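Structural overview for review
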Amino acid sequence: MNIDKFKPAIVYAIYIASTPEKVWEALTTAEFSKKYFSALAVEAELKVGGAFIARAPDGSVHISGEVIECNPPRRLTITWNVNWPALVEKLGVTLVTYEIEPAGDAVRLTLTQAHDRPIDDDILSGGRQGWPAILSSLKSLLETGQALVIKMAPPQRMLEALKRLGIGTP
Amino acid sequence: MSKPEFVYVIYIASTPEKIFKALTDANMSEQYWDGNRVVSDWKIGGPFALELKRQDKHVTGKVLEFDPPRRLAYTFHPRHDGMEAEPPSRVTFELEQQKDQVRLTIVHDGFEPGSRALEGISRGWPFVLSSLKSYLEAGKVLHAPWYDTESAQRGAA
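All of the points below concern the structure found in this document. Nothing here was measured: the structure is a model prediction, and the numbers come from that model. (Residues numbered from 1 in each chain as written. Chains lettered and ligands numbered in written order. Predicted model: local features only at pLDDT ≥ 70, side-chain atom pairs only at ≥ 80, totals over all residues.)

Digging into the overall build of chain B
Heads up, the condition is: Strands are runs of DSSP state E lasting at least two residues, helices are runs of H or I lasting at least four, and both sets are numbered from the N terminus onward. A radius of gyration in this sense is built from C-alpha atoms; the matching globule rule multiplies 2.2 Å by the number of residues raised to 0.38. Exposed residues have 12 or fewer other C-beta atoms within 10 Å of their own C-beta, buried residues have 20 or more, and partly exposed residues fall in between, where C-beta atoms are placed from the backbone. Think of it this way: build a C-beta for each residue from its backbone, and any pair within 7 Å is a contact.
Across its full length, chain B carries four helices and seven strands. Secondary structure elements of chain B, listed N to C terminal, follow the sequence β-α-α-β-β-β-β-β-β-α-α. Its C-alpha atoms give chain B a radius of gyration of 15 Å, near enough to 15 Å, the size a compact globule of 157 residues would have. By principal-axis analysis of the C-alpha atoms, chain B measures approximately 50 × 35 × 30 Å. The proportion of buried residues among the 157 residues of chain B is 35%. Put simply, of all contacts in chain B between residues at least 6 apart along the chain, 44% involve residues at least 24 apart.

Comments concerning the pairing of strand 4 (residues 57-67) of chain B
Both faces of the sheet carry side chains from a regular strand, because those side chains alternate between them. Residue and element names in this part refer to chain B. Rules: A strand pair is defined by DSSP finding two or more bridges across the two strands.
Looking at chain direction, strand 3 (residues 47-52) and strand 4 are connected through six bridges and run antiparallel. Note on strand 4: the bridge partner recorded for Ala49 is Thr60. Where strand 4 and strand 5 (residues 71-78) come together, six bridges link them in antiparallel fashion. Across the sheet, residue Val59 finds its bridge partner in strand 5, namely Pro78. Joining the antiparallel neighbours strand 4 and strand 5 is a turn of three residues.

Considerations on the sheet that holds strand 6 (residues 89-97) of chain B
Residue and element names in this part refer to chain B. Operational definition: Whenever a helix is involved, its axis is fitted only over the stretch in contact; in every case the axis is a line through C-alpha atoms, and angles between N-to-C directions fall within 0 to 180 degrees.
Pairing is antiparallel across the open sheet formed by seven strands, whose spatial order is 1-7-6-5-4-3-2. The sheet is open, and its two borders are formed by strand 1 (6-12) and strand 2 (37-40), each paired with just one other strand. When strand polarity is set aside, the average angle formed by the axes of neighbouring strands in this sheet is 25°. Where helix 1 (residues 16-24) meets the sheet, its contacts fall on strand 1, strand 2, strand 5, strand 6 and strand 7 (102-109), and the angle it forms with strand 6 comes to roughly 160°. Its contacts with the sheet put helix 3 (residues 116-138) on strand 1, strand 5, strand 6 and strand 7, and the angle it makes with strand 1 is roughly 5°.

With respect to the interface of chain B and chain A
Taken residue by residue, the interface counts 21 residues in chain B and 20 residues in chain A. Of all the elements in the fold, those that place two or more residues in the side of chain B that touches chain A are strand 1 and helix 3 of chain B. With eight residues, the single largest contributor to the side of chain B that touches chain A is helix 3 of chain B.

Shown next, in the form of structure tokens:
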């Protein structure tokens, strides 16, 4: 897979009063992800080619992918495929990169979601709505010990656009 | 083609009232905005200024909307580093109360293509609003790393 073909579609930066190591841990372990990431448990084999899974509380796999780049605690790139029928076939692979840079005493975490083809804004609206909520919650968890519980309405625009493409959604 | 803009959303465990206050209070902004102060009486049509204390520079503007604790808007005209030649842009904050947190949205628009100001604020707002969040949630403030580089460069000059 040629990652140079992928162009950023969503970029979100947030500054966190924590260490790169702690932010890396929060992004890659179930102990943290279950608290800020919609109750999903992240299971990551942290090496190039390793499996990356986000598992729902009922044990089913919600997101599955592969580690493409792994430079702890600075950079992690994974293929990020939501487990809905025909999603990858119709939209191609989704690439997610977490970049962690020191910023004074804090850390700048930059999330980039990239695709190898133009993706409709209606479909991107899901991620544009979701990522700020997930990463705001991660920041609160690391800084205060409490994640945010953000109840979001299902991203209707995105779900309807996916349905029109023949992608099965819950 | 629509004009360039910067949009950012962040969720803060606080109240709209506290966040709105922090966005409009000179002493509070000096804390989380790394020494910069927002200065205004917040009368519609009246002046707004962002005093960049550390660097002895400033941003001027005009108050467009003041609707606590839901909406705040002002024009934004940096008066430094050649950006005074660009027309003023516009900042709009929207605060939405949710159950245990507030969704804070900023839309900073009205830029001409190729605007240098857009580049600067795109880097700055995630920092300022992250610091505001830390300030209200954790009693911590953040320090902008680029000020150190710029001071060091000036010191070396």
